[in-house]
Structures are given as C-alpha cells and as structure tokens.
Amino acid sequence: MVELSRKVFSEDRRFREANPQFSGVLECLYVGMTSKTPAERYKQHKTGALSKKGHNISAAIVKKYGSYLRPSLYHEINETPMTRTAALAMEKKLALDLRRKGYAVWFN
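These numbers come from a predicted model, not from an experiment. (Residues numbered from 1 in each chain as written. Predicted model: local features only at pLDDT ≥ 70, side-chain atom pairs only at ≥ 80, totals over all residues. Heavy atoms only, no water.)

1. Points about the packing of aromatic side chains
Cut-off, in case you're wondering: Here a pair means two rings of Phe, Tyr or Trp (six-membered ring of Trp) with centres within 6.5 Å. Their orientation is stacked below 30 degrees between planes, edge-to-face above 60, and tilted elsewhere. Only protein chains enter the accessibility calculation, which uses a 1.4 Å probe; a residue is then buried when its area is under 20% of its type maximum, exposed when over 50%, and partly exposed in between.
Scanning all chains against the criterion turns up three aromatic pairs. Plain terms: the ring middles of Phe9 and Phe15 are 6.4 Å apart, the flat faces sit at 90 degrees to each other, and that makes the pair edge-to-face. The exposure class assigned to Phe9 is partly exposed, which follows from its relative accessible area of 21%. Phe15 sits in the buried class, given a relative accessible area of 0%. Relative to Phe22, the ring of Phe9 lies with its centre 5.0 Å away and its plane at 55 degrees, an arrangement referred to as tilted.

Rendered as structure tokens:
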C-alpha cells in the first residue's frame, strides 16, 4: 500500500471519478499486489522499472504521486502467501474496504 500525494485527486480525473465518496479527510492510497517485498516493489514503481522483456511494470500513478509505503495498513496481509487469483481478490477487497472507510483508493 502506497500513500499518494493529494495532488492526485485534483489532477487525475480517473482517480477522482473512482472515488466520489472522498471527503478529503483521509489519505489517497494505491493498493497493489506483488511477489516482492513492498519496498522492492515501491522502488520499481518510482524508478519506472522494466520487465526482462522491456515492458513497463510500474504504475504511472505511483511513479508520479507515490509518497511512501503505509505498512500499518497492509502488514497483516503481507505475511500470508496466496495464489495470484486470491491475491487479486484480496487487493480488490482491501481497496473497497478502505474506500468505505473514507480513503481515496486506486487499484488495478
């Protein structure tokens, strides 16, 4: 989980449209999944990392607006190994739960 700059809400129309419930009280977040450590994956996003085949594997929203990791929001989940299908379902559930709590969230 990455905290995003609040600029994302004013500058990115798609982010704003995905979060009509956002009141501006809590933070803007990015929720993703990875087989790497969160720190390694965050570094990939911020540096615009490419795959071995030359494909961009960083999320543009994190590269541009990512501020820092929020381990307090994901540390319990991060310890549980799961299949890709389960990880995708967990990513969506976590993102939607955070939206219900008042965060503005982006996920893939």
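2. A look at the sheet that holds strand β3 (residues 66-69)
Stated precisely, the cut-off is as follows: Note: two strands are recorded as paired if DSSP finds a minimum of 2 bridges between them. Comment: elements are numbered from the N terminus, with helices defined as DSSP H or I runs of at least four residues and strands as E runs of at least two. Fitted lines through C-alpha atoms give the axes, limited to the stretch in contact for helices. The angle between two N-to-C directions lies from 0 to 180 degrees. In what follows, a contact means two residues having at least one pair of non-hydrogen atoms within 4.5 Å.
Taking strand neighbours across the sheet as the criterion, the four strands line up as β3-β1-β2-β4 in an open arrangement whose pairing is mixed. Looking at strand neighbours, the two that pair on one side only are β3 and β4 (104-107), the edges of this open sheet. Taking the axes of each pair of neighbouring strands and ignoring which way they run, one obtains an average angle of 30 degrees across the sheet. Pairing of strand β1 (residues 2-4) with β3, which is carried by three bridges, proceeds in the antiparallel orientation. By the bridge assignment, Val2 is partnered in β3 with Leu69. Docked against the sheet, helix α3 (residues 38-47) engages β1, β2 (28-31) and β3, running at close to 170 degrees with respect to β3.

3. Points about the side chain of Arg99
Cut-off, in case you're wondering: Note on charges: Lys and Arg go in the positive column, Asp and Glu in the negative column, and His and the chain ends are not counted at all. What counts as a salt bridge is simple: a side-chain nitrogen of Lys or Arg found within 4 Å of a carboxyl oxygen of Asp or Glu. Polar contacts, as used here, are pairs of N or O atoms within 3.5 Å; protein pairs need one atom able to donate a hydrogen and one able to accept it. Residues neighboring in sequence count only if both atoms are side-chain atoms.
One can find Arg99 in helix α6 (residues 84-100). No salt bridge forms around the buried Arg99; measuring N to O, its nearest opposite-charge neighbour Glu91 is 9.8 Å away. Of the polar contacts made by the side chain of Arg99, one reaches the backbone oxygen of Ala18; its length is 3.5 Å. Those residues in contact with Arg99, other than ones at most four positions away along the chain, are Ala18, Asn19, Gln21, Val105 and Phe107.

4. Considering α3
Selection criterion: This arc is built from the directions going out from the helix axis to the C-beta atoms.
Inspection of α3 places Pro38, Arg41, Tyr42, Gln44 and His45 among the buried residues, and these make up the whole buried set. Along α3, the residues classed as buried sweep out an arc of 155 degrees about the axis, all on the same side. Opposite its buried face, α3 presents the exposed residues Lys43 and Thr47, each directed more than 90 degrees away. Gly48 sits one or two residues past α3 and shows a positive phi near 70 degrees.

5. Description of the pairing of β2
Of the two faces of β2, the one carrying Cys28 and Tyr30 and the one carrying Leu29 and Val31 are both buried. Where β1 and β2 come together, three bridges link them in antiparallel fashion. Residue Leu4 lies in a different strand from β2, and its bridge partner there is Cys28.

6. Digging into the nonpolar core
The following threshold applies: The nonpolar core is taken to be a set of buried Ala, Val, Leu, Ile, Met, Phe, Trp, Tyr and Cys residues, with the residues joined through side-chain atoms within 4.5 Å.
By size, the foremost hydrophobic cluster in this structure holds 14 residues, and its most contacted members are Leu4, Val8, Phe15, Cys28, Tyr30, Ile61 and Val62. Mapped onto this core, the elements with two or more residues apiece are β1, β2, α4 (60-65) and β4. Of all the elements, α4 adds the most residues to this core, at three residues.

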